[in-house]
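Each chain, letter by letter, is given below.
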Amino acid sequence: MKIFSFLFDLIGFGIGIPIGLLLGFFIFIYSEPDDVKDPIIKPLNEIDTGSLIDLLHEIPPWVKHPDYERIDWFNKALYDMWPYLDKAICGIIRSTAKPIFAEYIGQYQIKSIEFETLTLGSLPPTVYGMRVHESNENELVFEPAIRWAGNPHITVVLKLLSFRITAQLVDVQIFAAPRIILRPLVPSFPCFANITATLIDKPHVDFGLKIQGGDVMAIPGLYQFVQEFIRRQVASLYLWPQTLEIPILDGSLSGAIKKPVGILHVKVVRALKLLKMDIIGSSDPYVKIKLSGERLPSKKTTIKMRNLNPEWNENFKLTVKDPQSQVLQFHLYDWEQIGTHDFLGMQIVPLKVLAPLEKKELTLDLVKNTNPYDPQNKKGRGQLVVELTYNPFIDDNAKYSGPLDANLAGENIGRSRKASIDFSFLSSLEAAGLLSVTVQGAEGVGGKNHTNPNPYCLVSFGSETKITKMLRKTQRPSWNEEFQFVLEEASLKDKIHIEVKSKRRFGFRRYESLGYIEINFSDVVHNGRIRGKYNLINSKNGVLHIEIQWNST
């Protein structure tokens, strides 16, 4: 009997604890606090100095800064247009989220994900001031101070097994001060080719989140954690010098979309007197390298274990699109086997300080952030020694002009290289260069087993392979993706291999090749640029649209 009594006690304990925790959670979520008091309202002349200082961030910037201007007319126009902007923005959100939701349907027993309600509410954002910067460049720079205390009603319904789970976003507040750059200015409507946006400071984001009707943001500690997490993530993506690039005009219309103009050679030499982050032992540092305005993954050095004065002597190559505005970023981290890696320090180098073809060695003092007024930047974090060399691409006019030898002196120097250069005697390139492959789209792709395919492309050159995104159920995919291969030395005998494949989520023969093409690298170097339609090998009717360009330094 003692055994049965023990088993019943154990079962009761195992069932009672989860039920008690669940009931306690819902009682906490749905209970109304009874200690909330009405705020005390005082005139400004009765408020102490400390409280006035706390209110300074609430004062419109045009009151504090004379270079900010009031734009009440813009807010009035925005208020009148908001019902239509609300529907237009919500339509974009629905169309953007639909393929993202579709990727999760069928996984983890998820039957459907959809918006039950989607509206941004009746309150539009308010622009509290606008500052316009004067620039000698071909661009327009302005900084609006935006605040939005909205009443959106956004509800997402998740059907999981036989359960219906609702998540509702309410009471959103966003305070941000972005810098918006319209560049370059062109003689085609709307008169600028790109929009570049970046944040000057971390944004303030506040919102309520209800799951099954209960406000989960009322859980102690969760509200502060979520708010700080969102601020860090947004700052890591868009805080200066990180930028968001939005193309407006096609390159053929604007004639000014940024293309690679050179290669930046970066040598991470060593670091000196780094911080000791581990309680026991030293630090395990490594460096992440990235150019602003690029969405490519950061380059990384190797990890130097237990070393505060590591020496790397590692070389990297980065493609440069705008040497006048791009910034080279160095971030040092202490590697951790478990958890997040500790931040050691960072520094930036504007590319405009580099003279073309000139090697420059720099010793950079590491700081916590780019804010020069942050007192934490006065703390010594060590130094980073790097060598930088910017090699611009040879201008087409320089490459093609002038006779190549004495026998060509009397001939027309303006003719194409194909008629004047013989590449048959070359086996390798002596100069570095950039191979750009743009996969535009395809027609009539299909296989024996994948008649309604999910096509994607593999672009291979040398030891590198790039992959396009996969498009679902189409025989006329349109990718318009550009891939870049930075080459220090390459053989002209190599071939560029591009293969179209299809992938299914389940079943046999998940992968199938829909055809491929191979292009001689020497032909691309010979012509400088190749663009056209190519019939896919091992395909009945498939045609691939590509553009390939070679730029040498």
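Refer to the structure above for everything that follows.
From a predicted model like this one, the values you see are computed outputs, not experimental measurements.

Conventions adopted
Residues numbered from 1 in each chain as written. Predicted model: local features only at pLDDT ≥ 70, side-chain atom pairs only at ≥ 80, totals over all residues. Heavy atoms only, no water. Salt bridge = Lys/Arg side-chain N within 4 Å of Asp/Glu carboxyl O. Helix = DSSP H or I, 4+ residues; strand = E, 2+ residues; numbered from the N terminus. Buried < 20%, exposed > 50% of the residue type's maximum accessible area, 1.4 Å probe, protein only. Patch = residues over 30% accessible without salt bridge, like charges linked within 9 Å, V, L, I, M, F, W, Y side chains within 5 Å. Areas by Shrake-Rupley, 256 points an atom, 1.4 Å probe, with all protein chains shown as cover. Expected span 1.5 Å × (residues − 1). Bend = angle between axes of the 7 residues up to and from the residue. Contact = heavy atoms within 4.5 Å. 1 Å grid on protein atoms, 1.4 Å probe; cavity = no way out; pocket = protein on both sides within 12 Å on 5 of 7 lines; lining within 4 Å. Points joined across faces, edges and corners; volume = space filled by probe spheres on them. Domains from an automatic or database assignment. Pairing = 2+ DSSP bridges. Axes fitted to C-alpha atoms, helices over the stretch in contact; angles between N-to-C directions. Arc of directions from axis to C-beta. Phe/Tyr/Trp six-rings, centres within 6.5 Å; stacked < 30°, edge-to-face > 60°. Core = buried A, V, L, I, M, F, W, Y, C linked by side-chain atoms within 4.5 Å.

Re the pattern of salt bridges
In this structure the tally under the stated criterion is 9 salt bridges. Where E116 meets R164, a salt bridge forms, and the shortest distance between an N and an O atom there is 2.4 Å. Here E116, found in strand β1 (residues 110-119), pairs with R164, found in strand β5 (residues 163-176); they are 48 residues apart in sequence, far enough to count as distant. A relative accessible area of 42% means that E116 is categorised as partly exposed. In this structure, the salt-bridge partner of R131 is E143, at a minimum N-O distance of 2.8 Å. Taken together, the residues R131 in strand β2 (residues 126-133) and E143 in strand β3 (residues 140-150) connect sequence positions 12 residues apart. Look at the salt bridges and you will find they share partners, linking R131, E143 and R179 into a network.

Points about a nonpolar patch on the surface
A grouping of I100, Y104 and Y108 is seen on the molecular surface, where their side chains present a nonpolar patch of about 370 Å² in accessible area. With respect to the helices, strands and loops of the structure, Y104 is situated in helix α4 (residues 72-104).

Observations regarding α4
Structural remark: α-helix, 3.6 residues per turn; residues separated by three or four positions point the same way. For α4, which comprises 33 residues, the first-to-last C-alpha distance of 44 Å matches the rise-based estimate of 48 Å (1.5 Å per residue) to within 8%. Maximal helix bending in α4 amounts to about 60 degrees, located at W82; proline P83 follows within four positions. Regarding α4, the residues found buried are N75, L78, W82, D86, C90, A97 and F101. Buried residues belonging to α4 abut β1, β2 and β3.

Here we look at the layout of surface pockets
Put simply, the second largest pocket is a space of about 1,300 Å³. Mapped by element, the contributors of at least two residues to the lining of the second largest pocket are α5 (222-238), β12 (285-291), β15 (327-334) and β16 (342-350). Examining the composition of the lining of the second largest pocket, we find that 5 residues originate from one element, α5, more than from any other. Each of domain 1 (57-247) and domain 2 (262-392) contributes no fewer than three residues to the lining of the second largest pocket.

Focus: the environment of G515
Structurally, the position occupied by G515 is in strand β24 (residues 511-520). Residue classification places G515 among the buried positions, given a relative accessible area of 0%. Taking the C-alpha atoms as reference, G515 lies 8.8 Å from N535; in sequence the two are 20 residues apart.

Regarding the sheet that holds strand β20 (residues 455-461)
Strand order across the open sheet formed by 4 strands is β21-β20-β23-β24, with antiparallel pairing between neighbours. Of all strands in the sheet, those with a lone pairing partner are β21 (464-467) and β24, marking the two edges. For this sheet, the mean inter-axis angle between neighbouring strands, taken without regard to orientation, is 20 degrees. Two elements, strand β23 (residues 495-503) and β24, share 9 bridges in a ladder whose sense is antiparallel.

Points about α5
Compared with an ideal rise of 1.5 Å per residue, which puts 17 residues at 24 Å, α5 spans 24 Å between its outermost C-alpha atoms and is within 8% of the ideal. Taken residue by residue, α5 has V226, Q227 and A235 as its buried positions. The buried residues of α5 occupy an angular sector of 160 degrees when projected down its axis, which confines them to one face. The inward-facing, buried residues of α5 abut β8 (204-211).

Notes on the sheet that holds strand β11 (residues 262-272)
Here 4 strands make up an open sheet; going across it, the order is β14-β11-β18-β17 and the pairing antiparallel. Of all the strands in the sheet, the pair left with one neighbour each is β14 (311-320) and β17 (360-365). Going across the sheet, the axis of each strand differs from the next one's by a mean of 25 degrees, ignoring polarity. As defined by bridge partners, β17 adjoins strand β18 (residues 383-392) across 6 bridges and the pair is classed as antiparallel. Looking at the pairing, K360 lines up with L388 of β18.

Side note on the packing of aromatic side chains
Taken as a whole and judged by the stated rule, the model has 7 aromatic pairs. Summarising the aromatic geometry, the rings of Y286 and Y333 are spaced 5.9 Å apart at their centres and angled 25 degrees between planes, so their arrangement reads as stacked. Taken together, the residues span a long stretch of sequence, with Y286 in strand β12 and Y333 in strand β15 at a distance of 47 residues. A relative accessible area of 18% places Y333 in the buried class.

Considering the nonpolar core
With 30 residues, the main nonpolar core has L435, I498, F521 and L544 as its most contacted residues. Of all the elements in the fold, those that place two or more residues in this core are β19 (433-443), β20, β22 (478-487), β23, β24, α9 (521-527) and β26 (543-552). If we skip the residues at most four places from it in the chain, L544 touches V439, G441, A442, C457, W479, I498, V500, I517, G532, K533, Y534 and L536. Membership of the second largest hydrophobic core comes to 27 residues, among which are V266, I289, V349 and Y390.

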